[in-house]
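The lines below spell out each chain.
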Amino acid sequence: MKNIIALLLVILISSQARSQTVAEQLSSKIADKMKDTLELTGTQRQQIYEINMQLAAQKQAARAASTDREVVGRQLQQIEGTRDGLYQPILGEEKFATYRRKKNNLVNNQ
């Protein structure tokens, strides 16, 4: 019984560590892409990365809080809906307009 509990604990810890790594990789990839396409400064890139990490943590918490797909889906949409508002003060008016244009093109072309 102790072995089973120990095994479950190891699995839980490793899955949390792995999901954190995925979040870090995705946050970094988004920040790097935005840095290249919007010509962000290193500070802006870091701020975008931190926002992406915060959003990833909120999404992970939402997924953990419920098993109801509809509830989780609505929560994820609400979290994602805050992204642009968080980006705007960092990017400034001109870069934010470019970001929105590129985002709209990406969304509408799919």
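Everything that follows concerns the structure shown earlier in this document.
On a predicted model such as this, the values are computed, not experimentally measured, just so you know.

**Focus on the overall build of the chain**
Along the chain, the regular secondary structure elements total four helices and zero strands. Secondary structure elements in the chain, listed N-terminal to C-terminal, are α-α-α-α. Counting every position in the chain, which comprises 110 residues, the buried fraction comes to 25%. Excluding contacts between residues fewer than 6 apart, the proportion of contacts in the chain whose partners are at least 24 apart in sequence is 53%.

**Details of the nonpolar core**
By size, the foremost hydrophobic cluster in this structure holds 17 residues, and its most contacted members are Met34, Leu38, Leu40, Ile48, Tyr87, Leu91 and Tyr99. Among the elements of the structure, helix H1 (2-38), helix H2 (42-65) and helix H4 (83-108) are those that each provide at least two residues to this core. Of all the elements, H2 adds the most residues to this core, at six residues.

**A look at the packing of aromatic side chains**
Enumeration according to the criterion identifies two aromatic pairs in this entry. Plain terms: the ring middles of tyrosine 87 and tyrosine 99 are 5.2 Å apart, the flat faces sit at 75° to each other, and that makes the pair edge-to-face. Assessed through its relative accessible area of 1%, tyrosine 87 is described here as buried. Classification of tyrosine 99 by relative accessible area gives buried; the value is 9%. Taking 5.8 Å as the distance between ring centres and 35° as the angle between the ring planes, the aromatic pair formed by phenylalanine 96 and tyrosine 99 counts as tilted. Remark: tyrosine 99 and phenylalanine 96 occur in helix H4; sequence separation between them is three residues, near one turn of the helix.

**Comments concerning the pattern of salt bridges**
According to the stated counting rule, one finds five salt bridges in the structure shown. A salt bridge links lysine 103 to aspartate 84; its shortest N-O distance comes to 3.1 Å. For lysine 103, a relative accessible area of 27% gives the class partly exposed. When salt bridges that share partners are traced, they join Lys59, Glu80 and Arg83 into one network.

Parameters at a glance
- Residues numbered from 1 in each chain as written.
- Predicted model: local features only at pLDDT ≥ 70, side-chain atom pairs only at ≥ 80, totals over all residues.
- Heavy atoms only, no water.
- Helix = DSSP H or I, 4+ residues; strand = E, 2+ residues; numbered from the N terminus.
- Buried < 20%, exposed > 50% of the residue type's maximum accessible area, 1.4 Å probe, protein only.
- Contact = heavy atoms within 4.5 Å.
- Core = buried A, V, L, I, M, F, W, Y, C linked by side-chain atoms within 4.5 Å.
- Phe/Tyr/Trp six-rings, centres within 6.5 Å; stacked < 30°, edge-to-face > 60°.
- Salt bridge = Lys/Arg side-chain N within 4 Å of Asp/Glu carboxyl O.

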